[in-house]
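# Coordinate inspection notes
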Amino acid sequence: MSRSNQGFLNVIVLTVGTDIYTTDSLMRVAKSRAWMVETFHSEEYLSAHKRPSFGPQLQDADRCVAFLDFERSPEAAAETARFLTESYGNKVLVVAVVRTQLPALIVSAMRSGCNELLTEPIQLPALESIFDQIDRLSAGEYLPQAQEGTVLAIVGAKGGVGSTALAVHLATFLAKRSGKRTLLIDNHTYGGHVAVYLGIDSSNYFEEAVRNLSRMDSELLKRFVVQHSSGLEVMTSPDVFDAARMMEPEAVRRAFEFLRTEYAYIVVDCSRDERAINRPVFAVAKTIYPVTTPDVAAARDLSRFIDELAVMDDWADKTRIILNRSNSPLAIPSEQIEHATRQRIAVRVPNGYQELTRAANLGEPLDPNSHSDSAVALSRWADEVAGTVSRKPKSAKEGKVLSALRHPFTPHSSFGL
């Protein structure tokens with residue numbers, strides 16, 4: 001951190017759209033802190049198209065605290081908050097200044113990336129509490145601890161191969177069979193189906209958590225996840241596309257650094273077509289699971305996907321192919337898939353299309369204790385990831401013995417007994 005020669009923090013205090021009295025009050029209190037303070041005021045709101053002239057000073061400072069008048073122009077203030085958080089990340093603490101705490105205004109401020117809310121007329125204790133956060137952030141209190149959680153990225157080689165269904169079931173099975181805290185993330189920019197498969201109606205978007213990362217801690221995290229009955233915690237994707245809410249790859253990477261301190265397993269349902277937001281996921285993932293089906297089109301797309309990963313650091317080395325619907329009647333030989341990708345198939349999930357479709361329609365994932373072929377295969381996959389004991393499939397002989405025990409032989413009366 002680039003502290004001054006005297007050891008003081010170099011802090012930028014930025015006010016945007018605030019009136020003269022509020023601006024003077026904020027800057028006067030800031031200058032009373034044990035910091036090297038530079039102050040800037042902008043009457044106009046900022047955006048990617050109207051960048052601040054003092055950008056270099058912001059880049060070189062240790063920290064920045066930005067106060068935005070959210071009532072003068074809520075839309076422009078929200079755009080400014082997004083621009084600052086996306087451009088300067090955790091370096092900037094964004095504060096929404098309001099006169100009335102209208103719920104819609106507060107939600108807009110939070111979703112645009114604001115970390116705090118300051119109500120006018122300004123009370124000194126509230127303002128000092130915000131400034132205290134700068135010292136705590138700089139002292140490292142909010143930095144993530146040693147990374148521990150395992151990130152598992154699941155991505156379809158093409159549409160329709162069942163990658164979301166497999167991601168949902170791996171996550172729920174991990175939560176139940178390992179007993180450890182597990183998070184499922186829908187990493188689509190919009191229109192993902194994780195919420196549908198789990199039967200939840202959620203606005204707990206992953207994107208919202210990313211934008212609020214600078215103030216994130218274990219307690220605040222609870223507001224950004226939904227609890228599923230399986231014990232799984234979930235972050236969904238929005239239903240509607242909004243280009244202004246696209247996530248910056250660096251912000252996504254930092255989010256995973258934090259989440260790995262909270263969860264033992266993080267399963268990410270990735271979109272095949274959204275390379276920008278997948279790259280930081282693939283970078284931190286322990287394993288990348290591309291999902292394919294035994295047909296020519298999916299195998300071809302899988303081969304091309306593997307080739308893409310081969311030029312991205314060592315990502316191909318942590319790829320494990322999942323063959324879904326492996327025993328389909330018209331399946332091409334799995335050896336052809338392995339030859340085309342130069343990788344062996346790691347997990348085979350039999351054709352449970354009807355069973356999994358029914359589970360999706362009901363919003364109720366399969367029970368990991370079910371004896372269906374699909375559930376047994378998915379359980380073995382989850383157990384392999386978690387290092388737990390997997391169920392062995394029953395042999396034909398064992399099946400007959402168990403059947404006899406369930407339906408004991410009753411002598412027929414014609415035997416005279």
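Residues numbered from 1 in each chain as written. Predicted model: local features only at pLDDT ≥ 70, side-chain atom pairs only at ≥ 80, totals over all residues. Heavy atoms only, no water.

## What to know about unusual backbone geometry
Residue Pro121 is reached from Glu120 by a cis peptide bond, and omega for that bond is 0 degrees. With respect to the helices and strands, the residue Pro121 is situated in the loop between β5 (116-119) and α5 (124-138). Residue Arg325 is not a glycine yet carries a positive backbone phi of 55 degrees. Within the secondary structure, Arg325 sits in the loop between β12 (321-324) and α13 (334-341). (Helix = DSSP H or I, 4+ residues; strand = E, 2+ residues; numbered from the N terminus.)

## Quick word on the pattern of salt bridges
Between side chains of opposite charge, a pair can form as their charged atoms come close. Following the criterion strictly, the structure yields 20 salt bridges and no others. Across the pair Arg33 and Glu128 runs a salt bridge whose closest N-O atoms are separated by 2.4 Å. In this pair, Arg33 sits in the loop between α1 (20-31) and β2 (35-42) while Glu128 sits in helix α5, placing the two residues 95 residues apart along the sequence. When its relative accessible area of 23% is taken as the criterion, Glu128 is described as partly exposed. For Asp132, the salt bridge goes to Arg33, with nearest N and O atoms at 2.7 Å. In this pair, Asp132 is assigned in helix α5 and Arg33 in the loop between α1 and β2, connecting sequence segments 99 residues apart. Here Asp132 falls in the partly exposed class, since its relative accessible area comes to 31%. (Salt bridge = Lys/Arg side-chain N within 4 Å of Asp/Glu carboxyl O. Buried < 20%, exposed > 50% of the residue type's maximum accessible area, 1.4 Å probe, protein only.)

## Digging into the packing of aromatic side chains
This model, assessed by the stated rule, comprises six aromatic pairs. A ring pair is formed by Phe67 and Phe131, whose centres lie 6.0 Å apart and whose planes are at 85 degrees; its orientation type is edge-to-face. Placement of the pair is Phe67 in strand β3 (residues 63-69) and Phe131 in helix α5, with a sequence separation of 64 residues. The burial state of Phe67 is the same as that of Phe131; both residues are buried. Their ring planes at 70 degrees and their centres at 6.2 Å tell us that Phe282 and Phe305 sit as a pair that is edge-to-face. Of the two residues, Phe282 is situated in helix α11 (residues 275-284) and Phe305 in helix α12 (residues 296-310); the sequence distance between them amounts to 23 residues. The exposure class assigned to Phe305 is buried, which follows from its relative accessible area of 4%. Put simply, the rings of Trp35, Phe67 and Phe131 pair up and form one aromatic cluster. Its guanidinium or amino end placed over the ring of Tyr263, Arg181 lies 4.3 Å from that ring's centre, counting from NZ or CZ. (Phe/Tyr/Trp six-rings, centres within 6.5 Å; stacked < 30°, edge-to-face > 60°. Lys NZ or Arg CZ within 6 Å of the ring centre and 35° of its normal.)

## Structural notes on the sheet that holds strand β4 (residues 92-98)
Strands sit in the order β2-β1-β3-β4-β5 across an open sheet of five strands; the sheet is parallel. Edge strands, defined here as strands with exactly one partner in the open sheet, are β2 and β5. Taken pair by pair, the neighbouring strands of this sheet meet at an average axis angle of 20 degrees, ignoring direction. The sheet contact formed by strand β1 (residues 9-16) and β2 spans eight bridges and is parallel. Residue pairing for β2: Asn10 is matched across the bridge by Met36. Packed onto the sheet, α5 meets β1, β2, β3, β4 and β5 and runs at close to 150 degrees relative to β3. (Pairing = 2+ DSSP bridges. Axes fitted to C-alpha atoms, helices over the stretch in contact; angles between N-to-C directions. Contact = heavy atoms within 4.5 Å.)

## Observations regarding the confidence of the model for the chain
Here the chain shows a mean pLDDT of 84. Residues at 70 or above account for 87%. Ignoring residues within four places in sequence, the model shows residues 141-147, a span with pLDDT below 50, making twelve contacts including any to other chains. Counted against residues more than four places away or in other chains, residues 395-417, with its pLDDT under 50, gives two contacts. (pLDDT = per-residue confidence, 0-100.)

## Focus: the pairing of strand β11 (residues 287-292)
Summarising burial for β11: six of the six residues are buried, a large majority. Residue alternation in β11 divides its side chains into two sets, Thr287, Tyr289 and Val291 and Ile288, Pro290 and Thr292, and both sets are buried. Sheet topology places strand β6 (residues 150-156) next to β11; five bridges connect them, and they run parallel. Within β11, the position partnered with Leu152 by the bridge is Thr287. By the bridge criterion, two bridges tie β11 to β12 in an arrangement that is parallel. Within β12, the position partnered with Thr292 by the bridge is Leu323.

## Section: α1
Since there are 3.6 residues in each turn of an α-helix, residues three or four apart along the chain are aligned in direction. In this model α1 runs 16 Å from its N-terminal to its C-terminal C-alpha over twelve residues, within 8% of the 16 Å that 1.5 Å per residue would give. Every buried residue of α1 is listed here: Thr22, Thr23, Ser25, Leu26, Met27, Val29 and Ala30. On its buried face, α1 is in contact with β1, β2, β3, β5 and α5. For α1, the N-terminal cap is Asp19; the gap from its side-chain oxygen to the backbone nitrogen of Tyr21 is 3.2 Å. (Expected span 1.5 Å × (residues − 1). Polar contact = N/O pair within 3.5 Å; in protein donor to acceptor, adjacent residues only side chain to side chain.)

## Some thoughts on the sheet that holds strand β10 (residues 265-270)
To summarise the sheet geometry, strands pair through backbone hydrogen bonds and adopt either a parallel or an antiparallel arrangement. Strand order in the open sheet formed by eight strands is β8-β9-β7-β10-β6-β11-β12-β13, and the pairing between neighbours is mixed. Strands at the two margins of the open sheet, each flanked by one partner only, are β8 (226-227) and β13 (345-349). Pairing of β12 with β13, which is carried by four bridges, proceeds in the parallel orientation. From the neighbouring strand, Asn324 faces β13, where its bridge partner is Val349. Contacts between α11 and the sheet are confined to β6, β7 (182-187), β10 and β11, with β6 contributing the most and set at about 135 degrees to the helix.

## Some words on the side chain of Thr236
Of note, Thr236 is situated in the loop between β9 (233-235) and α10 (249-259). Ignoring sequence-local partners within four residues, the contact set of Thr236 consists of Asp186, Ala195, Ile200, Ser202, Asn204, Tyr205 and Phe206.

## Notes on the pairing of β10
Burial analysis of β10 places six of its six residues in the buried class, the great majority of the element. Where burial is concerned, the two faces of β10 agree: the one with Tyr265, Val267 and Asp269 and the one with Ile266, Val268 and Cys270 are both buried. With six bridges joining them, β7 and β10 adopt parallel strand pairing. By the bridge assignment for β10, Asn187 is matched with Cys270.

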